[in-house]
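# Coordinate analysis (summary)
Spelled out from the first residue to the last, the chains are:
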Amino acid sequence: MKKKILMTYVILLIIGTFVTGVISMTFVKNIYINSLEEKLITNSNLIIDTLITKQNNNKQINYFNLAQKFAKKSRTRITFINDKGKVIADSYNNSNIFENYSNKPEVKMAIRGELRSIQRISSMTKKSSLYIANPPVKINDENLIVRLSASIEEIDRLTKSFIKYTFVAIFFGIMISFFIGYYHIDYMLRPIKKLTRASKLIAKGQFDERVEVSTKDEIGELADSFNKMACKVETMITDMRKLENLRKDFVSNVSHELRTPLTSISGFVETLKSWTTINEADRNKILDIIEFETERLKRLINDILKLSEIENVKLLKEKTKIDIHKSMKEIMYILEPIAKNKSITLEVDISEKINHIVGNIDWFKQMIINLCENAIKYTAEGGKVIVKAYSKEKYLFISIKDNGIGIQKEDIPRVFERFYRVEKARSRNMGGTGLGLAIVKHIVMEFNGEIQLKSHVGVGSEFIIKIPL
Ligand SMILES: Nc1ncnc2c1ncn2[C@@H]1O[C@H](COP(=O)(O)OP(=O)(O)O)[C@@H](O)[C@H]1O
Ligand SMILES: [Mg+2]
């Protein structure tokens, strides 16, 4: 990553410097040529003026001396040519030049009456030069072309040194950009490195890892979403672990609960087998215990199945409209004999104006039965259980109230846990499994409802279910 970015830096720098170099070189070259051209034109005009003045004053014109004089002053090469291309005098060469110049491009143009500069290599000096030739002027019966040239080797030298300096600039540029780029890229890549490190740690299972990036750019945003994602993953993992623990606890609780009656049953069976002589009364007593424990096992397994059914197959359960009044009456019909058995008064007050609710009717009944059975079970003989059902503000309320033993404050939030019993031995002797309220809570949740418990030790308890209609 770093190498790639650094390479891009360097390539951009080279291209940038090169383009700048070429552009400024061309620019400088143009300025140079233009000013040289101007200088040549001015000088040639000056020479022509001098020639005309001399002619007007009827003075003898020594072209060669003139050429030499002006050439020295203006540091150019001066050639006088007639319009046939014959060289009259040349400042560079004092011997006669027999070569006809009419083919030289600048001379050709001059004959045609044009004045424009030409860049070419001089055949005489072998140097790259700039030429201008003035269109013919009549001086003493001769159509005279004044040609001036100057070497532009200077500009070539300049170009060379320009290229040299461009390379030097590129070299230093690369050095500097390497230095700055190194730290800058490091700085830019730091949050990405942090993110990489954090994701590696999370991948290893360190789910509480977060990244701290304060920048408000895309990387900052990425870090933000990363943290949010990490948060979600952490919550999910925590939930999963909790669930896993709950499941483990449940399995060990179930095993424990099952083992107790089984140990008791197998113990008494052994006893029965080992007793060779046994009287009727003892045998019946032992069989009663075995029957009791078997019943308890049955209830336990039943409750476990119910609980797992509510938890696992809830989507498959049939849902119907539940007529609250009718089903409550049916439930009370089952409960009345149980209450009577314990001389407990069962007071029932079910409003007839309640709308129906939708759900599984078996579960609804199970929920009410569990609560009422508890109320009867944990209330002394001669006590009272009041069952009420009414609707208020689009909610169905069902209250089961007793004047029984009550529940301590610190146990209230725990009684809905699986296998939680305030007094284990007492509940067990009364045939309790410790799953009744856990089942109730699950069913209430299935109805999207809530359950509330108010209780005072020695005064009584009230369970209130609230289900949206
Ligand atoms: N109406 C009540 N009055 C007093 N205690 C109750 C009442 N209902 C439940 N409890 C307490 O809550 C515990 C859990 O109830 P539950 O889940 O139905 O299990 P159990 O099989 O013991 O009845 C009971 O063991 C009991 O201690
Ligand atoms: Mg119970």
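Residues numbered from 1 in each chain as written. Chains lettered and ligands numbered in written order. Predicted model: local features only at pLDDT ≥ 70, side-chain atom pairs only at ≥ 80, totals over all residues.

Our focus in this paragraph is the overall build of the protein. A count of helices and strands for the protein gives ten helices and 13 strands. Relative to a compact globule of 469 residues, whose C-alpha radius of gyration would be 23 Å, the protein shows 57 Å and is clearly more extended. Oriented by its inertia axes, the alpha-carbon framework of the protein measures out at about 170 × 60 × 35 Å. Contacts in the protein between residues at least 24 apart in sequence constitute 65% of all its contacts with a sequence separation of at least 6. (Helix = DSSP H or I, 4+ residues; strand = E, 2+ residues; numbered from the N terminus. Rg over C-alpha atoms; globule rule 2.2 N^0.38 Å. Contact = placed C-beta atoms within 7 Å.)

Frequently, the measure chosen for interface size is the accessible area removed from exposure when the parts meet. Entries for the protein in the domain assignment read domain 1 (2–157), domain 2 (207–316) and domain 3 (317–468). On a C-alpha basis, the centroid separation for the pair domain 1 and domain 2 is 106 Å. (Domains from an automatic or database assignment.)

Moving on: the site of ligand 1. Lining the immediate environment of ligand 1, one finds 22 residues, of which Arg421, Val422, Gly432, Gly436 and Leu437 sit closest. Going through the elements one at a time, α8 (361–377) and α10 (436–446) are the ones with two or more residues in the shell around ligand 1. Looking at the shell around ligand 1 element by element, the count peaks at three residues for α10. Class assignment of the residues belonging to the shell around ligand 1 gives a composition of ten nonpolar, nine polar and three charged. (Near = placed C-beta within 6 Å. Nonpolar A, V, L, I, M, F, W, Y, C, P; charged D, E, K, R; others polar.)

Moving on, we get to α8. Its 17 residues give α8 an end-to-end C-alpha distance of 24 Å, which sits within 8% of 24 Å, the value for a rise of 1.5 Å per residue. Listed in full, the buried residues belonging to α8 are Trp363, Phe364, Met367, Ile368, Asn370, Leu371, Cys372, Asn374, Ala375 and Ile376. (Expected span 1.5 Å × (residues − 1). Buried ≥ 20, exposed ≤ 12 C-beta atoms within 10 Å, placed from the backbone.)

Moving on, we come to the sheet that holds strand β11 (residues 395–402). Strands sit in the order β8-β10-β11-β13-β12 across an open sheet of five strands; the sheet is mixed. The sheet is open, and its two edges are formed by β8 (345–350) and β12 (450–456), each paired on a single side. Averaged over neighbouring strand pairs, the angle between their axes works out to 10 degrees when direction is ignored. Each of β8, β10 (384–392) and β11 touches helix α7 (residues 324–341); the most contacted strand, β8, lies at about 175 degrees to it. (Pairing = 2+ DSSP bridges. Axes fitted to C-alpha atoms, helices over the stretch in contact; angles between N-to-C directions.)

Let us now look at the environment of serine 95. Examined against the element boundaries, serine 95 turns out to sit in the loop between β2 (87–90) and α3 (105–111). Accessibility expressed as a C-beta count within 10 Å gives 6 for serine 95, which makes it exposed. In this structure the C-alpha to C-alpha distance between serine 95 and serine 24, which are 71 residues apart in sequence, comes to 42 Å.

Turning our eyes to something else, we now look at the nonpolar core. Among the nonpolar cores identified, the biggest contains 36 residues, and Met367, Ile368, Leu371, Cys372 and Ile443 are the most heavily contacted of them. Those elements that provide at least two residues to this core are α7, α8, β10, β11, α10 and β13 (460–468). In terms of residue count, α8 provides more of this core than any other element does, eight residues in total. Beyond its immediate chain neighbours, meaning those up to four positions away, isoleucine 368 contacts Met328, Ile331 and Ile398. Among the nonpolar cores identified, the runner-up in size contains 23 residues, and Leu40, Phe80, Ile81 and Leu144 belong to it. (Core = buried A, V, L, I, M, F, W, Y, C linked by C-beta atoms within 7 Å.)

Once that is clear, we can look at the packing of α8 against α10. α10 packs onto α8 with a crossing angle of 140 degrees between their chain directions and a minimal axis gap of 9 Å. Both α8 and α10 take part in a crossing whose hand is left-handed. Together, Trp363, Gln366, Met367, Asn370, Leu371 and Asn374 of α8 and Gly436, Ile439, Val440, Ile443, Val444 and Glu446 of α10 make up the contact between the two elements. When grouped by side-chain class, the residues that make up the contact of α8 with α10 number seven nonpolar, four polar and one charged. (Left-handed = near helix turned anticlockwise from the far one by under 90°.)

We now examine the environment of threonine 166. Along the chain, threonine 166 falls in helix α4 (residues 153–203). You can call threonine 166 partly exposed: it has 19 C-beta atoms within 10 Å. Along the primary structure threonine 166 and isoleucine 78 are separated by 88 residues, whereas in three dimensions their C-alpha atoms are 36 Å apart. If we skip the residues at most four places from it in the chain, threonine 166 touches Thr17, Phe18 and Gly21.

Right, let's talk about the environment of asparagine 360 for a bit. When you line up the elements, asparagine 360 lands in the loop between β9 (357–359) and α8. When the C-alpha atoms of asparagine 360 and lysine 319 are compared, they prove to be 4.6 Å apart, with 41 residues separating the residues in sequence. If we skip the residues at most four places from it in the chain, asparagine 360 touches Lys317, Glu318 and Lys319.

A separate point is the packing of α4 against helix α5 (residues 218–274). The geometry of α4 relative to α5 is characterised by a closest axis approach of 10 Å and an angle of 15 degrees between their N-to-C directions. Between α4 and α5, the interaxial angle falls into the category roughly parallel. The crossing of α4 and α5 is left-handed. The residues of α5 that touch α4, namely those facing Pro191, Ile192, Leu195, Ala198 and Ile202, are Ile219, Leu222, Ala223, Phe226, Ala230 and Val233. Its residues assigned to classes, the contact of α4 with α5 comprises eleven nonpolar, no polar and no charged. (Parallel < 35°, antiparallel > 145°, perpendicular 65-115°, else oblique.)

This paragraph deals with the pairing of strand β3 (residues 118–121). Sheet topology places β3 next to strand β4 (residues 128–133); four bridges connect them, and they run antiparallel. Within β4, the residue paired with isoleucine 118 across the bridge is tyrosine 131. Between the end of β3 and the start of β4, which pair antiparallel, lie six residues, with lysine 126 showing a positive phi angle near 60 degrees.

With that out of the way, let us pick up unusual backbone geometry. Excluding glycine, residues mostly have negative phi values, and the peptide bonds linking residues are mostly trans. The phi angle at arginine 75 is positive, at roughly 50 degrees, despite the residue not being glycine. With respect to the helices, strands and loops of the structure, arginine 75 is situated in the loop between α2 (63–74) and β1 (77–82). Positive phi outside glycine occurs at glutamate 393, with the angle close to 45 degrees. Judged by the 8 C-beta atoms lying within 10 Å of it, glutamate 393 is exposed.

With seven of ten residues buried, strand β6 (residues 142–151) lies mostly within the body of the structure. As paired strands, β4 and β6 are joined by five bridges and run antiparallel to one another. Across the sheet, residue isoleucine 132 finds its bridge partner in β6, namely leucine 148. Between strand β5 (residues 137–139) and the antiparallel strand that follows it, β6, lie two residues; asparagine 140 among them carries a positive phi value of about 45 degrees.

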